[in-house]
Amino acid sequence: SKSNGQNQYCFFTPDMNEEVSKKLLLESDLRKGLKEGQFQLYYQPQVSVASGEVKGYEALIRWEHPEYGMVSPGDFIPLAEETGLIIPLGRWVLEEACRQMMAWIKDGGGVLRMSVNISAIQFQQPDFVQIVKDILAETGLPPAYLELEMTETIVQDTTQSIPVMKEIRDMGVKISLDDFGTGYSSLSYLKDFPLNTLKIDKSFIDNMEQGSREKAIVDAIIHMAHRLEFNVIAEGIENEAQLQLLSGEACEEYQGYYYSPPLPSSKIEK
Ligand code: C2E
Ligand code: CA
Ligand code: CA
Ligand code: CA
């Protein structure tokens, strides 16, 4: 367990405070994990509300830690960002997701899209666009199959991010805005971003009932997104009632445990 790991580390460096020792332990673990292939991608289906067909998959990283077992990305992505390890790790994710998608295309799976989460720190690297190009070239994946998921933190600095996003779009790669509604960016920014997809954050879906404020917000987001010609994906659909509420609103797609949790590729293939 985690607390064992901390105690163990404190044993080696008794004068360090717990926070620092935990961080150092994990940082060296992260490096080692990357070198030794301890990371894995799981894939969660993105499903058509109207037809129930799988339209795409979102790649979600998992870390099989030799001591702690499965560590969730919420616990190590922030550290990977702080330490800069997100750059090699993010590159690995992009490569692995593109390789997997290409394998599924060759198998004739009929899935249209692989969505990959991109951290702000990755996106801000001067060679980010080149890395995406290189990976597409290496894996042979046609750019139209790839979608990059970005959060509002990426989108905030418009003078920097819009030209990079346009370069990505010009390559034929799609862009989606993740966790929509949780950040602080002005709605008027939306008109300037070359987006394909808006993902409505789970926090709105959680409390969405007929007549609720959340329902009103979800409706408004969907209508606005359609006027801007974006595809809409609702995140975190856990039950039939939530899906029913969405189907009245012409929302294109959803993701959530109701259809399927993220799964390893071997389970997707079955
Ligand atoms: P996210 O991009 O918003 O991903 C959605 C999260 O919601 C995933 O958690 C997914 O497993 C979970 N989820 C999906 N459906 C449901 C549902 O019906 N109910 C509930 N309660 N949860 C659901 P996960 O895989 O733990 O990832 C957490 C976050 O870590 C992601 O949030 C994303 O911000 C980050 N992340 C994951 N993989 C990567 C990656 O490869 N690169 C980067 N930069 N970040 C990643
Ligand atoms: Ca995402
Ligand atoms: Ca999200
Ligand atoms: Ca999120």
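Please read these numbers as outputs of a predicted model, since none were measured by experiment.

Trainee: How do you make sense of the overall build of the protein when you look at a structure like this?
Mentor: A count of helices and strands for the protein gives 12 helices and 10 strands. Taken over the C-alpha trace, the protein has a radius of gyration of 20 Å; the compact-globule value for 270 residues is 18 Å, and the two agree within 12%. Projected onto its principal axes, the C-alpha positions of the protein cover 60 × 45 × 45 Å. Taken across its 270 residues, the protein has 48% of its residues classed as buried. Long-range pairs, those at least 24 residues apart, make up 66% of the contacts in the protein between residues at least 6 apart in sequence. Total accessible area on the protein stands at roughly 13300 Å², and carbon and sulfur atoms take up 51% of it. Considering the protein, the positive charge centre built from 24 side chains and the negative charge centre built from 41 side chains are found 3 Å apart.

Trainee: Got a minute to help me understand helix α8 (residues 158-170) in this structure?
Mentor: Every α-helix carries 3.6 residues per turn, so stepping three or four residues along brings you back to the same face. In a regular helix each residue adds 1.5 Å, so 13 residues correspond to 18 Å; α8 covers 18 Å between its end C-alpha atoms and thus fits that length. Among the residues of α8, S161, I162, M165 and I168 are the ones counted as buried. Angular distribution of buried residues about the axis of α8 spans 125°; they occupy a single face of the element. Along α8, the residues that are exposed and aim more than 90 degrees away from the buried face are T159, Q160 and D170. Elements that come into contact with the buried residues of α8 comprise α5 (120-123), α6 (128-139), β5 (146-150), α7 (152-155) and β6 (174-180). Phi turns positive one or two residues past the end of α8, at G172, with a value near 100°.

Trainee: I would appreciate a short explanation of the site of ligand 1 in the present structure.
Mentor: Near ligand 1, the surroundings consist of 20 residues, among which Q44, R62, D178, E238 and Y257 are the closest. At a separation of 2.8 Å, an oxygen atom of ligand 1 approaches a polar side-chain atom of R62. Y257 is positioned such that a nitrogen or oxygen atom in its backbone is 2.8 Å from an oxygen atom of ligand 1. Among the secondary structure elements, those contributing two or more residues to the shell around ligand 1 are β2 (54-65), α3 (73-83) and β6. The leading source of residues in the shell around ligand 1 is β2, at four residues. Of the residues that constitute the shell around ligand 1, the class distribution is eight nonpolar, five polar and seven charged.

Trainee: What is the right way to look at the nonpolar core in this model?
Mentor: One broad rule of soluble globular proteins: the nonpolar side chains tend to lie buried together. Ranked by size, the top nonpolar core spans 75 residues in total, and within it M114, V132, L146, L148, I168 and L246 carry the most contacts. When neighbours within four sequence positions are excluded, V132 is seen to be in contact with L94, L146, L148, M171 and V173.

Trainee: How do you make sense of the coordination of the calcium ion (ligand 2) when you look at a structure like this?
Mentor: Any two of four tetrahedral donors ideally make an angle of 109.5 degrees at the metal, while pairs among six octahedral donors ideally make 90 or 180 degrees. Here the calcium ion (ligand 2) is held by the protein donor atoms E58 (OE), N117 (OD1), E149 (OE) and D178 (OD), which lie 2.2 to 2.3 Å from it. In this structure, the calcium ion (ligand 2) is positioned 3.9 Å from the calcium ion (ligand 3), and both are ligated by D178. On the criterion of sequence distance, the pair formed by N117 in strand β4 (residues 113-117) and D178 in strand β6 is long-range, its members being 61 residues apart. Residue classification places D178 among the buried residues on the basis of a relative accessible area of 6%.

Trainee: Please explain the coordination of the calcium ion (ligand 3) as it appears in this structure.
Mentor: Bound to the calcium ion (ligand 3) on the protein side are D178 (OD), D179 (OD), E235 (OE) and E235 (OE), at distances that span 2.2 to 2.4 Å. Donor residues for the calcium ion (ligand 3), ordered by position in the chain, follow D-D-x55-E.

Rules used throughout
Chains are numbered independently. Their residues run from 1 in the order of the written sequence. Whichever chain is written first becomes A and whichever ligand is written first becomes 1, with later ones labelled in order. Selection of residues for local features in this predicted model requires a pLDDT of at least 70, selection of side-chain atom pairs for listing and counting requires 80 or more, and totals for whole chains, interfaces and linings are taken over all residues. Note: side-chain values were computed over all heavy atoms of the structure, leaving out hydrogens and water. We count a stretch as a helix when DSSP gives it H or I for four or more residues in a row; a strand needs E for two or more, and each element gets its number in order from the N terminus. Restricting the calculation to C-alpha atoms gives the radius of gyration, and the globule rule supplies 2.2 Å times the number of residues raised to the power 0.38. Only protein chains enter the accessibility calculation, which uses a 1.4 Å probe; a residue is then buried when its area is under 20% of its type maximum, exposed when over 50%, and partly exposed in between. Whether two residues are in contact is decided by their heavy atoms: any pair within 4.5 Å suffices. Here the open area of atoms and residues is found with the Shrake-Rupley method and a 1.4 Å probe, where only the protein chains shown may cover a residue. When charges are counted, Lys and Arg contribute as positive and Asp and Glu as negative, whereas His and the chain ends are disregarded. Working definition for charges: the position is that of NZ of Lys, CZ of Arg, CG of Asp or CD of Glu. For a helix, the expected span equals 1.5 Å multiplied by the number of residues minus one. It is the directions from the helix axis to the C-beta atoms that the arc portrays. Consider each residue's heavy atoms; a residue with any of them within 4 Å of a molecule or strand counts as near. N or O atoms closer than or at 3.5 Å make up a polar contact, with two conditions inside protein: a donor-capable atom paired with an acceptor-capable one, and, for residues adjacent in sequence, both atoms drawn from side chains. All residues other than Ala, Val, Leu, Ile, Met, Phe, Trp, Tyr, Cys, Pro, Asp, Glu, Lys and Arg, Gly among them, are scored as polar; the first ten of these are nonpolar and the last four charged. Side-chain atoms within 4.5 Å link the members of a nonpolar core, which is a set of buried Ala, Val, Leu, Ile, Met, Phe, Trp, Tyr and Cys residues. Donor atoms: N, O and S within 2.8 Å of the metal, or within 3.2 Å for Na, K and Ca. Because water is excluded, sites can look incomplete.

These figures come from the coordinates and say nothing about function on their own.
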